[in-house]
Amino acid sequence: MIITIKKHHDEILKTLENFRTIFITGCGSCASKCGTGNEKAVAEMKEFLERNGKEVLGSFILDSACDMRLAKRDLLKNTAFKEAQAVVMLSCGAGNQSVKEVSDKIVIPGLESRYVGSTERIGIYRQFCSICGTCILAETEGICPRTRCAKSLVNGPCGGFVDGKCETDQTKDCAWVLIFEKLKKSGKLQNFLNNYIKPKNNF
Ligand code: SF4
Ligand code: SF4
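I tried to follow the domain arrangement of the chain on my own but got confused; where do I start?
Often, the extent of an interface is quoted as the loss of accessible area on bringing the components together. Domain boundaries assigned for the chain yield domain 1 (2-115) and domain 2 (130-193). For domain 1 and domain 2, the distance between their C-alpha centres works out to 38 Å.

What follows is the structure, given as structure tokens:
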């Protein structure tokens, strides 16, 4: 899912300085799971905006903000949405742009989109994939070096790791140590060493 964090409130206020009436749109998918686009987050944003002199005309949590069909269906006939001068989106950038695409509203991001992540537990997310378009997980025993190696190396380690930890951050495992351990265990190490992973397609 897309991992989002709350945007700095000062930044939101600055982008809203010319608008008084606001509509808040949340997202029932990724942002809700992150706690950034759910009912509680919408209520907090409403309270913050009102405390700062804005009038919140209404709010709605789309099942999935990045689905333009839902944005059309659930927002375009909403009177408060139509009347508000600006819309604050509590979703990822794709959700933000989906609402912009189907409406003529001023749409302001209320969140920062960080990365595609996996949930370890609520509030703890792991970045496993950078959506590169040329997946090499079959060659690297299911561990993505494009994402989990600090240098995105795809044909082996840089040699800087210390005690299995990355030279750029000693709190993180070196992705290549993890990959080599798995390759050894599955008997595929020699095969990997004889192989060459080509640069990814940029399309
Ligand atoms: S190689 Fe890594 S970044 Fe690319 S698609 Fe596979 S998991 Fe995602
Ligand atoms: S130490 Fe490992 S994870 Fe860190 S940059 Fe080098 S190869 Fe990549």
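Help me understand the site of ligand 2 in this model?
Cys149, Ala150, Lys151, Pro157, Cys158, Phe161, Cys166, Glu167, Cys174, Ala175 and Trp176 make up every residue found near ligand 2. Of the residues that constitute the shell around ligand 2, the class distribution is 9 nonpolar, no polar and 2 charged.

How should I be thinking about the site of ligand 1 in this particular structure?
Inspection of the region around ligand 1 gives Cys129, Ser130, Ile131, Cys132, Thr134, Cys135, Ile136, Leu137, Cys144, Arg146 and Thr147 as its neighbouring residues. Each residue belonging to the shell around ligand 1 can be placed in one class, and the counts come to 7 nonpolar, 3 polar and 1 charged.

Can you walk me through the sheet that holds strand β3 (residues 55-62) in this structure?
Hydrogen bonds along the backbone pair up the strands of a sheet, which may run parallel or antiparallel. Spatially, β3-β2-β4-β5 is the arrangement adopted by the 4 strands of the open sheet, whose pairing is parallel. Whereas interior strands pair on both sides, the edge strands pair on one side only; in this sheet they are β3 and β5 (106-109). Shown here is a sheet whose adjacent strand axes are inclined to one another by a mean of 25°, direction ignored. One ladder, built from 5 bridges, connects strand β2 (residues 21-27) with strand β4 (residues 86-90); its direction is parallel. Considered in β4, the bridge of glycine 26 is made with leucine 90. Along the sheet, helix α6 (residues 93-102) makes contact with β3, β4 and β5, crossing β5 at roughly 175°.

Hey, could you run me through the side chain of asparagine 96 in this one?
When you line up the elements, asparagine 96 lands in helix α6. Apart from the residues within four sequence positions on either side, asparagine 96 is in contact with Met89, Ser91, Val107, Ile108 and Pro109.

Looking at this structure, how should I read the side chain of threonine 147?
Here threonine 147 shows up in helix α7 (residues 145-148). The buried category is assigned to threonine 147, whose relative accessible area is 15%. Residue contacts for threonine 147: discarding those within four places in its chain leaves Gln127, Phe128, Cys129 and Ser130.

Sorry, what's going on with the pairing of strand β9 (residues 169-173) here?
As a general feature of sheets, a regular strand has side chains that alternate between the two faces. With 2 bridges joining them, strand β8 (residues 165-166) and β9 adopt antiparallel strand pairing. Across the sheet, the residue bridging to lysine 165 is aspartate 173, located in β9. The turn joining β8 and β9, which pair antiparallel and follow one another in sequence, is formed by 2 residues.

Teacher, can you tell me more about helix α4 (residues 68-75) here?
The α-helix advances 3.6 residues per turn, and as a result positions three or four apart in sequence lie on the same side. Those residues of α4 that sit buried are Leu70, Ala71, Asp74 and Leu75. Considered in projection along α4, the buried side chains sweep an arc of 100° and stay on one side of the axis. The exposed set on the far side of α4, more than 90 degrees from its buried face, consists of Arg69 and Arg73.

Help me out: how do you make sense of the environment of threonine 21 in this one?
Summarising the element assignment, threonine 21 is placed in strand β2. Along the primary structure threonine 21 and leucine 57 are separated by 36 residues, whereas in three dimensions their C-alpha atoms are 6.4 Å apart. Apart from residues no more than four positions distant in its own chain, threonine 21 is found in contact with Glu55, Leu57, Glu83, Ala84, Gln85 and Ala86.

Whenever I open this one, the packing of aromatic side chains confuses me. Can you help?
Describing an aromatic ring pair means giving the distance of the ring centres and the angle of the ring planes. Evaluation of the coordinates by the stated rule reveals 4 aromatic pairs. A centroid spacing of 5.8 Å and a plane angle of 75° characterise the contact between tryptophan 176 and phenylalanine 180, whose relative ring orientation is edge-to-face. Of the two residues, tryptophan 176 and phenylalanine 180 are both situated in helix α8 (residues 175-185); the distance of 4 residues between them amounts to about one turn of the helix. Since its relative accessible area comes to 22%, phenylalanine 180 is described here as partly exposed. Lying across the ring of phenylalanine 81, lysine 105 places its NZ or CZ 5.8 Å from the centre.

Conventions and cut-offs
- Residues numbered from 1 in each chain as written.
- Chains lettered and ligands numbered in written order.
- Predicted model: local features only at pLDDT ≥ 70, side-chain atom pairs only at ≥ 80, totals over all residues.
- Heavy atoms only, no water.
- Domains from an automatic or database assignment.
- Near = heavy atom within 4 Å.
- Nonpolar A, V, L, I, M, F, W, Y, C, P; charged D, E, K, R; others polar.
- Pairing = 2+ DSSP bridges.
- Helix = DSSP H or I, 4+ residues; strand = E, 2+ residues; numbered from the N terminus.
- Axes fitted to C-alpha atoms, helices over the stretch in contact; angles between N-to-C directions.
- Contact = heavy atoms within 4.5 Å.
- Buried < 20%, exposed > 50% of the residue type's maximum accessible area, 1.4 Å probe, protein only.
- Arc of directions from axis to C-beta.
- Phe/Tyr/Trp six-rings, centres within 6.5 Å; stacked < 30°, edge-to-face > 60°.
- Lys NZ or Arg CZ within 6 Å of the ring centre and 35° of its normal.

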